Amino acid sequence: MSVELDALAVVNQLRDLASDPLNRRAIVQDQGCLPGLILFLDHPNPQVVHSALLALRYLAECRTNREKMRCELGMMLSLQNVSQKTKTPGETQLLATEVYDLLQGTSTADGDCTNEMNSRRRKAQFFLGATNKRAKTVVLHIDGLDDTSRRSLCEDALLKIKGVISFTFQMAVQRCVVRIRSDLKAEALASAISSTKVMKAQQVVKGETGEELLVPFQDSPVDVEENTDLPDYLPEDESPMKEQDKAVSRVGAHQDGAGNWLSTAANFLSRSFYW
């Protein structure tokens, strides 16, 4: 049980570290972290798998990372396996498919890395613009989203909603781009964020002339179906990395802290090649 908790703690920390754009290239260049995330995709705990996919999605947002990620041994096959498993939760399947499509899009632009990869080439789709009838994208402007603690509160609120696939924060402009199932209403996202008591969301939409407009949601609460397919995230106070304030790097923070944490994560992954 402790090994499973350690795996969940490490993958959650990798996910949080990857959420900072300043850390993404270092994580992919590290010899242990990327292979470790691939191994996490085959973990028996579905929360570990989902968290690993979120980390990979963050890493793939850096265009210079995509070719190395796509060519990493087992990456594309593992993503396919997750998306095709019948027991995989629907949100996790969609996230795996979208990460696969985002990485596969590099093959036509950057060339082939191996003959094995050629057999798995598919039509490229840009992550947020993918034409997936089962998913849609909602852009939220979140008043109060001004530091990492608020971001963590927002993450926890969104992850509890059944139908949320993935999300990306744009802290500089207090926005969150959320990928959700097509049958989930945007009001459910706003209700969950309002439940934090310190943040409030408005939807960002395009006007007739292309300008951005902020549309407020109704103040009345919306019933939110919680995600029961996945176990809860490991509480922060149970994480063995909590004692190091540098476990989750802040935007603009010095990269020495990230490097030290990556070494710790890589050591754990090398000790726990199989779970």
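Residues numbered from 1 in each chain as written. Predicted model: local features only at pLDDT ≥ 70, side-chain atom pairs only at ≥ 80, totals over all residues. Heavy atoms only, no water.

By the naming in an unreviewed UniProt entry, the protein is Armadillo repeat-containing protein 1, taken from Xenopus laevis. Turning to the protein, the UniProt record has this under Function (unreviewed entry): "In association with mitochondrial contact site and cristae organizing system (MICOS) complex components and mitochondrial outer membrane sorting assembly machinery (SAM) complex components may regulate mitochondrial dynamics playing a role in determining mitochondrial length, distribution and motility." Its UniProt record gives the protein a comment under Subunit (unreviewed entry), which states: "Interacts with mitochondrial contact site and cristae organizing system (MICOS) complex components IMMT/MIC60 and MICOS10/MIC10. Interacts with mitochondrial outer membrane sorting assembly machinery (SAM) complex components SAMM50 and MTX1." (UniProt positions renumbered as here; feature names shortened; annotations may be inferred.)

Asker: Just checking my understanding: could you explain the sheet that holds strand β1 (residues 135-143) for this structure?
Answerer: Two pairing modes exist for strands in a sheet, parallel and antiparallel, and in both the strands are linked by backbone hydrogen bonds. Read from one edge of the open sheet, 5 strands run β2-β3-β1-β4-β5, paired in antiparallel fashion. The strands lining the two open edges of the sheet, one partner per strand, are β2 (164-170) and β5 (212-216). Across the sheet, the mean angle from the axis of one strand to that of its neighbour is 35°, orientation sign disregarded. In terms of strand pairing, β1 meets strand β4 (residues 200-206) through 4 bridges, oriented antiparallel. Looking at the pairing, H141 lines up with Q202 of β4. (Pairing = 2+ DSSP bridges. Helix = DSSP H or I, 4+ residues; strand = E, 2+ residues; numbered from the N terminus. Axes fitted to C-alpha atoms, helices over the stretch in contact; angles between N-to-C directions.)

Asker: Teacher, can you tell me more about the nonpolar core here?
Answerer: Across soluble globular proteins, nonpolar side chains have a tendency to be buried as a group. Judged by nonpolar contacts, the single largest core of 64 residues is most densely connected at L56, L79 and L189. In terms of residues, this core owes the most to one element, helix α4 (residues 46-60), which gives 10 residues. Each of domain 1 (1-105) and domain 2 (135-216) contributes no fewer than three residues to this core. Setting aside its immediate chain neighbours within four residues, L79 contacts L41, L53, L56, A96, V99, Y100 and L103. (Core = buried A, V, L, I, M, F, W, Y, C linked by side-chain atoms within 4.5 Å. Buried < 20%, exposed > 50% of the residue type's maximum accessible area, 1.4 Å probe, protein only. Domains from an automatic or database assignment. Contact = heavy atoms within 4.5 Å.)

Asker: Which parts of the structure should I look at to understand the pattern of salt bridges?
Answerer: Pairing between side chains of opposite charge can happen when the charged atoms of each approach one another. What the rule picks out here adds up to 9 salt bridges. The closest approach of N and O atoms between E98 and R179, which form a salt bridge, is 2.6 Å. Of the two residues, E98 sits in helix α7 (residues 90-104) while R179 sits in strand β3 (residues 175-181), which places them 81 residues apart along the sequence. Summarising the burial analysis for this pair, E98 and R179 share the class buried. What you see here is one network of salt bridges that share partners, running through R24, R57 and E61. (Salt bridge = Lys/Arg side-chain N within 4 Å of Asp/Glu carboxyl O.)

Asker: Just to check I follow, could you spell out unusual backbone geometry for this structure?
Answerer: Although it is not a glycine, Q174 adopts a positive phi angle of roughly 55°. Looking at the element boundaries, Q174 is found in the loop between β2 and β3. What makes Q174 partly exposed here is its relative accessible area of 23%. Non-glycine residue K197 carries a positive phi angle of around 70°. Along the chain, the position of K197 falls in the loop between α11 (186-194) and β4. Take K197: its relative accessible area is 74%, and that puts it in the exposed class.

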